[in-house]
Each structure stands twice: as structure tokens, then as C-alpha cells.
Amino acid sequence: AQSVAQPEDQVNVAEGNPLTVKCTYSVSGNPYLFWYVQYPNRGLQFLLKYITGDNLVKGSYGFEAEFNKSQTSFHLKKPSALVSDSALYFCAVRDARGSTLGRLYFGRGTQLTVWP
Amino acid sequence: GAGVSQSPSNKVTEKGKDVELRCDPISGHTALYWYRQSLGQGLEFLIYFQGNSAPDKSGLPSDRFSAERTGGSVSTLTIQRTQQEDSAVYLCASSPRGGGGNQPQHFGDGTRLSIL
């Protein structure tokens, strides 16, 4: 079975401080991992992905994520948060073997609020 | 270029009526996905198309829900005899290929469906 857990429903940080949004996953084979962001009344926007190679992945808007196979985690990070980063963040996983016919398994989302 | 287009953006209808939601994927994308987003339920997978065929319909919640895709492009999701629990945002996504592909899915802005 495949699943994603985002243990925090909400994360609050001050502007300029580093932020972390946590994600852990479960797959049978090797994972393809994704982070998406959703602004109000909009669809999901792709931020970054881990497929293979370097465990530290850099993405859009200064975000990065670190893949940790032993801890089955893929936490999203940013060194200095902006108020405009406030949004709903989703982590997603797909089994690299492709046995799931393409669908992504999403976490329940984490609402990030950055206060001035 | 143009992204995934969904119509209508909002739909309000009475319980018991049928509704049809449309998705126009990114040109050239062979894989198309429907998801449902409800408050407190996160993102729920509905159906996956590869070309015109649907190898994974496992997420359709009941036989009132159906979807088709013609010409390997536009897809329609039909809900018959709508119920209040069908109220949600219906999101469509497309990607260059499905299966075990490592490409991200690109989402439309969704159709917000409200059943009175």
C-alpha cells in the first residue's frame, strides 16, 4: 500500500525565518516524490520532485526538499520565509515501478502561514 | 503555453440533477486524471485516463459517477442524480505520460460544485 502522512495540519512561522513542512511516505518500491502548493481558489501548482540522485532537491520560489530513505521522509524547506509563501502545501508519492497506473497518493495538506 | 482548462469554474445545482464537468488538458499530454477535494477529506483520486482508455477507475465513489475521454484530449466527468455529499472541488490534471512516468501532473483550477 502507498500512503503519505503530513503530521502537521498547520505551520506558522515569522517572515524571514526558516520553514519546514514535514512529509513521510510509504511505498513498496522506490518512490517518486512531489511537492505541490495550492493558493485559494486555484489548482495545485508543482514545486519540486525527487526521482533519483542527489537527496537535496531544489525547486521553484526558493523551496527545497530533502529525501531521506532511512526515515522515509521528504520534508519541504525554505531558508527564509515570505508572507507570500502562505498557502496549502501537499506532499505526494508514486511507486516508481508504475504498478499504480500513474495516480499520485497525496497527504492531507499542511496550511502554512507566514506572519509579518 | 496554455495550462489545463476546466469548465465551468463554479456550478450550483439542485439535488437530483445531473451535472457534467469538462477538462481540457495540456496539448500533447496523454495522461489525464480526475481528483476530488473536499473540506476535511484532502485530495481523493477518482479516475485515470491513458489516451482514451481508463485503466484505473478505482476511485469513482459510486455508479452515479462516470467519465469519458474522446480523441485523447477533452474529458468529461458526469455525476448523475447529484447528492449533497457530492459538493466539492473537482480537479483535473494531465501529464505527458502516466504509468511509471516521473513527470509531475499539471492541475487545472477546478470546478467548485455545490449541491443545494
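Coordinates for the structure precede this section.
Keep in mind that this is a model prediction, so the values were computed, not measured. (Residues numbered from 1 in each chain as written. Chains lettered and ligands numbered in written order. Predicted model: local features only at pLDDT ≥ 70, side-chain atom pairs only at ≥ 80, totals over all residues. Heavy atoms only, no water.)

A. Up close: the nonpolar core. All names here are of chain A. Ranked by internal contacts, the top residues of the largest apolar core, which has 27 residues, are Trp35, Leu47, Leu48, Phe74, Leu76 and Tyr89. Broken down by secondary-structure element, the contributors of at least two residues to this core are strand S2 (10-14), strand S3 (19-21), strand S5 (31-38), strand S6 (44-50), strand S8 (64-68), strand S9 (73-78), strand S10 (87-95) and strand S12 (110-115). In this view, leucine 76 contacts Leu19, Thr20, Val21, Trp35, Leu47, Leu48, Phe63, Glu64, Ala65 and Tyr89; residues no more than four positions away in its chain are not counted. (Core = buried A, V, L, I, M, F, W, Y, C linked by side-chain atoms within 4.5 Å. Buried < 20%, exposed > 50% of the residue type's maximum accessible area, 1.4 Å probe, protein only. Helix = DSSP H or I, 4+ residues; strand = E, 2+ residues; numbered from the N terminus. Contact = heavy atoms within 4.5 Å.)

B. Examining the sheet that holds strand S7 (residues 65-69) of chain B more closely. Residues and elements named next belong to chain B. On the basis of which strands lie adjacent, the open sheet formed by four strands has the order S1-S3-S8-S7 and antiparallel pairing. Two strands in the sheet have a free side with no partner beyond their single neighbour: strand S1 (5-7) and S7. Sheet twist, expressed as the mean angle between neighbouring strand axes with direction ignored, is 15°. Judged from the five bridges that link them, strand S3 (residues 19-24) and strand S8 (residues 75-79) form a sheet pairing that is antiparallel. Within S8, the position partnered with leucine 21 by the bridge is leucine 77. (Pairing = 2+ DSSP bridges. Axes fitted to C-alpha atoms, helices over the stretch in contact; angles between N-to-C directions.)

C. Structural detail: the interface of chain B and chain A. Counting residues at the interface gives 24 residues for chain B, matched by 23 residues for chain A. Buried area between chain B and chain A, both sides added, is near 1900 Å², and the carbon and sulfur share of it is 51%. Per-residue buried area on chain B facing chain A is highest for Leu43(B), Asn102(B) and Asp109(B); these three make up 25% of the total on that side. Inspection of the chain B/chain A interface yields one salt bridge. Among the salt bridges present, the one from Asp109(B) reaches Arg42(A), with a minimum N-O distance of 3.1 Å. Counting across the chain B and chain A interface gives seven residue pairs in polar contact (both at pLDDT 80 or more). Those elements that place two or more of their residues in the side of chain B that touches chain A are strand S4 (31-38), strand S5 (42-50) and strand S6 (53-56) of chain B. Each residue belonging to the side of chain B that touches chain A can be placed in one class, and the counts come to nine nonpolar, 12 polar and three charged. (Buried area = accessible area lost by both parts, 1.4 Å probe. Salt bridge = Lys/Arg side-chain N within 4 Å of Asp/Glu carboxyl O. Polar contact = N/O pair within 3.5 Å; in protein donor to acceptor, adjacent residues only side chain to side chain. Nonpolar A, V, L, I, M, F, W, Y, C, P; charged D, E, K, R; others polar.)

D. Molecular detail of the pattern of salt bridges. Residue and element names in this part refer to chain A. Evaluation of the coordinates by the stated rule reveals seven salt bridges over all chains. The shortest N-O distance in the salt bridge between glutamate 64 and lysine 58 comes to 2.9 Å. Assessed through its relative accessible area of 62%, lysine 58 is described here as exposed. For aspartate 85, the salt bridge identified is with lysine 78, shortest N-O distance 2.8 Å. The pair formed by aspartate 85 and lysine 78 is uniform in burial state, with each residue classed as buried.

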